[in-house]
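Results of the structural survey
Listed below are the residues making up each chain.
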Amino acid sequence: QKEVEQDPGPLSVPEGAIVSLNCTYSNSAFQYFMWYRQYSRKGPELLMYTYSSGNKEDGRFTAQVDKSSKYISLFIRDSQPSDSATYLCAMRPQGAQKLVFGQGTRLTINP
Amino acid sequence: KAGVTQTPRYLIKTRGQQVTLSCSPISGHRSVSWYQQTPGQGLQFLFEYFSETQRNKGNFPGRFSGRQFSNSRSEMNVSTLELGDSALYLCASSLVQGGNYGYTFGSGTRLTVV
């Protein structure tokens with residue numbers, strides 16, 4: 001079983017919809033949680049960064065961390081065709097250097 | 001502000017050869033990490049360098065090695081290439097060791113082994 005599980009999709013939604021992306025993890029030591037967006041032929045781009053539990057909002061994006069359930073989410077409001085990309089969750093424990101990534105979810109927003 | 005620069009963007013090599021990939025981090029960033037991305041395994045950590053020293057290493061064979069120079073630029077070397085080494089190799093830089101505020105990735109080097 002992988003340390004971080006993420007549904008690879010693909011996920012296709014109409015423009016303007018609310019998108020919910022999720023990851024579950026097994027390592028209770030994870031403290032730092034990130035969401036990256038990766039466009040085709042590009043490297044991952046950091047979208048959201050959260051330490052420990054709680055919510056964080058940045059424009060149309062909201063990241064949630066529920067450490068008791070070992071579950072993290074990314075919500076995208078008013079989705080746009082330009083949001084079409086692969087979304088990767090990543091996390092690491094306190095003091096560790098390497099990030100552990102989910103498989104990534106391929107998202108398509110249809111105009 | 002220039003981002004993370006990786007060269008070359010694409011490479012085709014033959015089984016058994018060796019290859020060297022280059023990464024120039026964001027100016028001022030001292031930590032450089034390398035990741036391998038494949039459709040089957042996703043993103044996997046190779047190693048991290050900080051101040052010219054390897055600080056952490058992933059579960060890859062010794063054929064994978066790297067180094068960091070005094071200007072923080074980093075190179076990754078893969079010797080005796082195998083077909084399974086075909087992947088996108090990503091370099092990420094961070095201001096501090098461990099990327100406490102997230103890493104900035106380059107666009108990667110697409111390596112194809114034939």
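In short, a report on the structure. (Residues numbered from 1 in each chain as written. Chains lettered and ligands numbered in written order. Predicted model: local features only at pLDDT ≥ 70, side-chain atom pairs only at ≥ 80, totals over all residues. Heavy atoms only, no water.)

Next up on the list: the pattern of salt bridges. All names here are of chain B. The tally for this structure, following the rule as stated, stands at seven salt bridges over all chains. The salt bridge involving arginine 63 is made with glutamate 82; its shortest N-O contact spans 3.6 Å. Here arginine 63 is found in the loop between β6 (53–57) and β7 (64–68), whereas its partner glutamate 82 is found in the loop between β8 (74–78) and β9 (87–94), with 19 residues between them in sequence. For arginine 63, a relative accessible area of 16% translates into the label buried. Beyond isolated ion pairs, a larger network of salt bridges with shared partners links Arg63, Glu82 and Asp85. (Salt bridge = Lys/Arg side-chain N within 4 Å of Asp/Glu carboxyl O. Helix = DSSP H or I, 4+ residues; strand = E, 2+ residues; numbered from the N terminus. Buried < 20%, exposed > 50% of the residue type's maximum accessible area, 1.4 Å probe, protein only.)

Our focus in this paragraph is the layout of surface pockets. Approximately 550 Å³ is the volume found for the largest pocket. Take the lining of the largest pocket: its biggest share by element is three residues, from strand β9 (residues 85–93) of chain A. Classifying every residue of the lining of the largest pocket gives seven nonpolar, eight polar and four charged. In this structure, the second largest pocket occupies an estimated 360 Å³ of space. Lining the second largest pocket are 16 residues; nearest its centre among them are Lys98 and Val100 of chain A together with Gln41, Leu43 and Gln44 of chain B. Looking at the lining of the second largest pocket, the elements that each hand over two or more residues are β10 (100–101) of chain A together with β5 (42–50) of chain B. Partitioning the lining of the second largest pocket into residue classes produces seven nonpolar, six polar and three charged. (1 Å grid on protein atoms, 1.4 Å probe; cavity = no way out; pocket = protein on both sides within 12 Å on 5 of 7 lines; lining within 4 Å. Points joined across faces, edges and corners; volume = space filled by probe spheres on them. Nonpolar A, V, L, I, M, F, W, Y, C, P; charged D, E, K, R; others polar.)

In this section: empty space enclosed by the protein. The gaps of empty space that remain are located by a probe, the size of a water molecule, rolled over the atoms. A full pass over the atoms with the stated rule returns two cavities of 30 Å³ or more. Here the largest cavity is characterised by a volume of approximately 60 Å³. Every residue along the wall of the largest cavity is listed here: Arg41 and Lys42 of chain A together with Arg9, Tyr10, Leu88, Ser107, Gly108 and Arg110 of chain B. Here the residues of the lining of the largest cavity are counted per class, giving two nonpolar, two polar and four charged. Taken as a whole, the second largest cavity encloses approximately 30 Å³ of empty space. The wall of the second largest cavity is formed by Phe33, Met34, Trp35, Met48, Thr50, Ala63, Gln64, Val65 and Ile72 of chain A. Looking at the lining of the second largest cavity residue by residue, the classes come out as seven nonpolar, two polar and no charged.

If you look at the biggest cluster of nonpolar residues, it comprises 24 residues, and the most contacted ones within it are Val4, Trp35, Ile72, Leu74, Tyr87 and Met91 of chain A. Counting residues per element, the ones that place at least two in this core are β3 (19–25), β4 (30–38), β5 (45–51), β7 (61–66), β8 (71–76), β9 and β11 (105–110) of chain A. In this structure, Leu11, Leu46, Val78 and Leu111 of chain B belong to the second largest nonpolar core, which totals 21 residues. (Core = buried A, V, L, I, M, F, W, Y, C linked by side-chain atoms within 4.5 Å.)

Our focus in this paragraph is the sheet that holds strand β1 (residues 5–7) of chain B. Remark on secondary structure: sheet strands pair via backbone hydrogen bonds, oriented parallel or antiparallel. Residues and elements named next belong to chain B. Taken in spatial order, the four strands of this open sheet run β1-β3-β8-β7, and their pairing is antiparallel. For this open sheet the edge positions go to β1 and β7, each flanked by a neighbour on one side alone. Averaged over all pairs of adjacent strands, the angle between strand axes in this sheet comes to 20 degrees, irrespective of strand direction. As paired strands, β1 and strand β3 (residues 19–24) are joined by three bridges and run antiparallel to one another. Within β3, the residue paired with threonine 5 across the bridge is serine 24. (Pairing = 2+ DSSP bridges. Axes fitted to C-alpha atoms, helices over the stretch in contact; angles between N-to-C directions.)

It is worth spelling out the interface of chain A and chain B at this point. Contacts between the two partners involve 19 residues from chain A and, on the opposite side, 25 residues from chain B. Across the chain A/chain B interface, buried area totals approximately 1600 Å², and carbon plus sulfur atoms make up 47% of it. Where chain A touches chain B, the interface holds five residue pairs in polar contact (both at pLDDT 80 or more). Of all the secondary structure elements, the ones that give two or more residues to the side of chain A that touches chain B are β4, β5 and β9 of chain A. Of all the elements, β4 of chain A adds the most residues to the side of chain A that touches chain B, at four residues. Within the side of chain A that touches chain B, the residues separate by chemical class into ten nonpolar, four polar and five charged. (Contact = heavy atoms within 4.5 Å. Buried area = accessible area lost by both parts, 1.4 Å probe. Polar contact = N/O pair within 3.5 Å; in protein donor to acceptor, adjacent residues only side chain to side chain.)

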